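Here is how the chains run, residue by residue.
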Amino acid sequence: MTTAFVLSGGGNRGPLEIGALQSLLEHGIRPDFMVGTSAGSLNAGFLAAYGPEPSSIPRLATIWRSASARIAYPQGIVAAAWRVLRGADSLFSSEDLRRLIAQNMPPGITTFGQLQRPCYVTAADLRSGRLYLFGEDPAGPLVDGILASASMPGVHPPLAYHDLELVDGGIIASVPASIAMDHGATAIYAVNVGRGDEALPPVHGVLNVLSRTLDTFFVQSILHDLDRATADPAIALHHIQITAFGSVAFNDFSHVDEMIVAGKAAADAYLASPQPRMIAPAAVPATPGRIVPGAREYTPPTGH
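Residues numbered from 1 in each chain as written. Predicted model: local features only at pLDDT ≥ 70, side-chain atom pairs only at ≥ 80, totals over all residues. Heavy atoms only, no water.

## Looking at the overall build of the protein
Rules: The numbering of helices and of strands both runs from the N terminus, where a helix is a DSSP run of H or I of at least 4 residues and a strand a run of E of at least 2. Whether a residue is buried, partly exposed or exposed follows from its accessible area with a 1.4 Å probe, protein chains only, as a fraction of its type maximum: under 20%, in between, or over 50%, in that order. A contact between two residues is defined here by any heavy atoms of the two lying within 4.5 Å. To be clear on the numbers: accessible area is Shrake-Rupley with a 1.4 Å probe, and residue cover counts the displayed protein chains and nothing else.
Each helix and strand in the protein was counted, giving ten helices and ten strands. Residue burial in the protein is summarised as follows: out of 304 residues, 52% are buried. Sequence separation of at least 24 residues holds for 77% of the intrachain contacts in the protein that already meet a minimum separation of 6. When the accessible surface of the protein is split by element, carbon and sulfur atoms take 56% of a total near 13,600 Å².

## Digging into the packing of aromatic side chains
Rules: The aromatic pairing rule takes the rings of Phe, Tyr and Trp, using the six-membered ring of Trp, and pairs them if the centres are within 6.5 Å, calling planes under 30 degrees apart stacked, those over 60 edge-to-face and the rest tilted.
A full pass over the atoms with the stated rule returns four aromatic pairs. Ring centres 6.2 Å apart and planes at 85° place the aromatic pair Phe-5 and Tyr-189 in the edge-to-face group. Placement of Phe-5 in strand E1 (residues 3-7) and of Tyr-189 in strand E7 (residues 187-192) is noted, with a sequence separation of 184 residues between them. Like Tyr-189, Phe-5 is buried. When the ring of Phe-112 is compared with that of Phe-134, the centres are 6.3 Å apart and the planes differ by 25°; the resulting orientation is stacked. One end of the pair, Phe-112, is in the loop between helix H6 (95-103) and strand E3 (119-125); the other, Phe-134, is in strand E4 (residues 131-134), and 22 residues separate them in sequence. In this structure Phe-112 comes out as buried when scored by relative accessible area, which is 5%. The buried category is assigned to Phe-134, whose relative accessible area is 8%.

## Quick look at the side chain of Asn-12
Examined against the element boundaries, Asn-12 turns out to sit in the loop between E1 and helix H1 (15-26). Excluding anything up to four places from it in sequence, Asn-12 contacts Trp-64, Val-248, Ala-249, Phe-250, Asn-251, Asp-252, Phe-253 and Met-259.

## Concerning the pattern of salt bridges
It is possible for side chains of opposite charge to pair when their charged atoms get near one another. Keep this limit in mind: By salt bridge we mean one thing: a side-chain nitrogen of Lys or Arg within 4 Å of a carboxyl oxygen of Asp or Glu.
Inspection of the entire model under this criterion finds six salt bridges. Notably, a salt bridge pairs Glu-26 with Lys-264, separated by 3.5 Å at the nearest N-O pair. Of this pair, Glu-26 sits in helix H1 while Lys-264 sits in helix H10 (residues 256-272), placing them 238 residues apart in sequence. Overall, the relative accessible area of 46% leaves Glu-26 in the partly exposed class. Across the pair Arg-30 and Glu-53 runs a salt bridge, and its minimum N-O distance is 3.3 Å. Of this pair, Arg-30 sits in the loop between H1 and strand E2 (33-37) while Glu-53 sits in the loop between helix H2 (39-50) and helix H3 (57-66), and the two are 23 residues apart along the sequence. Residue class for Glu-53 comes out partly exposed when judged on its relative accessible area of 34%. Linked by salt bridges that have partners in common, Glu-26, Lys-264 and Asp-268 make up one network.

## Some words on the packing of H2 against H3
Going by this rule: An axis is simply a line fitted to the C-alpha atoms; with a helix, the fit covers only the stretch in contact. Between two such axes, the angle follows the N-to-C directions and lies from 0 to 180 degrees. Any angle that is under 35 degrees is reported as roughly parallel, and any over 145 degrees as roughly antiparallel; angles of 65 to 115 degrees are reported as roughly perpendicular and all others as oblique. Each crossing is labelled by how the near helix is turned from the far one, with a counterclockwise turn of less than a right angle marking it left-handed and a clockwise turn marking it right-handed.
Interaxial distance between H2 and H3 falls to 10 Å at its minimum, and their mutual angle equals 140°. By the angle class used here, H2 and H3 are oblique. As for the relative orientation of H2 and H3, their crossing is right-handed in sense. Where H2 approaches H3, its residues Ala-39, Leu-42, Asn-43, Phe-46, Leu-47 and Tyr-50 are matched on the opposing element by Arg-59, Leu-60, Ile-63 and Trp-64.

## Examining H6
The criterion, for reference: Comment: arc refers to directions from the helix axis out to C-beta atoms.
All of the buried residues in H6 are Leu-97, Leu-100 and Ile-101. Down the axis, H6 shows its buried residues gathered within 95° of arc, on one side only.

## Observations concerning the environment of Glu-95
Mapped onto the fold, Glu-95 is located in helix H6. Residues Glu-95 and Leu-147, 52 residues apart in the sequence, show an inter-C-alpha distance of 9.6 Å.

## Overview of the pairing of strand E6 (residues 164-168)
Keep this limit in mind: By definition, two strands form a pair when at least two bridges between them are found by DSSP.
Counting buried residues along E6, four of its five residues qualify, which places the element largely inside the surrounding structure. The sheet contact formed by E3 and E6 spans three bridges and is antiparallel. For Asp-125, the partnering residue across the bridge sits in E6 and is Leu-166. Pairing of strand E5 (residues 159-161) with E6, which is carried by three bridges, proceeds in the antiparallel orientation. Opposite Ala-160, over in E6, you have Glu-165 as the bridge partner. Between E5 and E6, which pair antiparallel in sequence order, lie two residues; one of them, His-162, sits at a positive phi of approximately 50°.

This is how it looks when you write it as structure tokens:
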């Protein structure tokens, strides 16, 4: 059996994945390799670097505690508005995010081949509309790969990389379970902190609206990828959906410890009664679409 951990995008809700990883590791589940996108690429990369053991969890938690709106979204809204007026490619610079990734890797770890476990992270090329995968080439640059995967379009600038313009891989595959399957995984633990079908409170503020818009777009890619992963009877897909803190503001990094606790509780609950090959109820509508005057919700079929 080959085991893979697959970690979704989720922005500042990434600490939920740390709690889920803690649960998996404490239950004796160890990955042969990891796959991550967006915030999940940060968690997958750091865990692969320090080793998939419970002793690595406090270090990952410390990294998230050191993150802040000042690092992820430096200089504030006034500077962001000025960047827009000057025709910049994004609201914020990504230099502080690059520094956060580089400074928290173990000394001397600069390529994917130096990690303790194989790790694959995804990024989308804005020029071709295609998904690119870092991690198969041992010489691939680790910081560039993770930064590209974590660069939310419009918020952070695309990473210029060998004639590509790379951004958050979640816009094409938010929970890239199919990558784990393509690399031989027969037991996949997909930790998904993206949205389900729950209704969230109204959102206000241009940056919060942008974040919610991207998150809504990301969730549309989830069902296709999970559906493909469940199509093979040899694959045991464990989809652990965590919807806690779904309404937290995109730049609120003050709930790290609470998120870790919530993520662990959700994974503990799943592992107490695992249901492989099933898409979690939170990820698919359980009731008929809502009808409002002049319109109705349309739910496309998800059959194989």
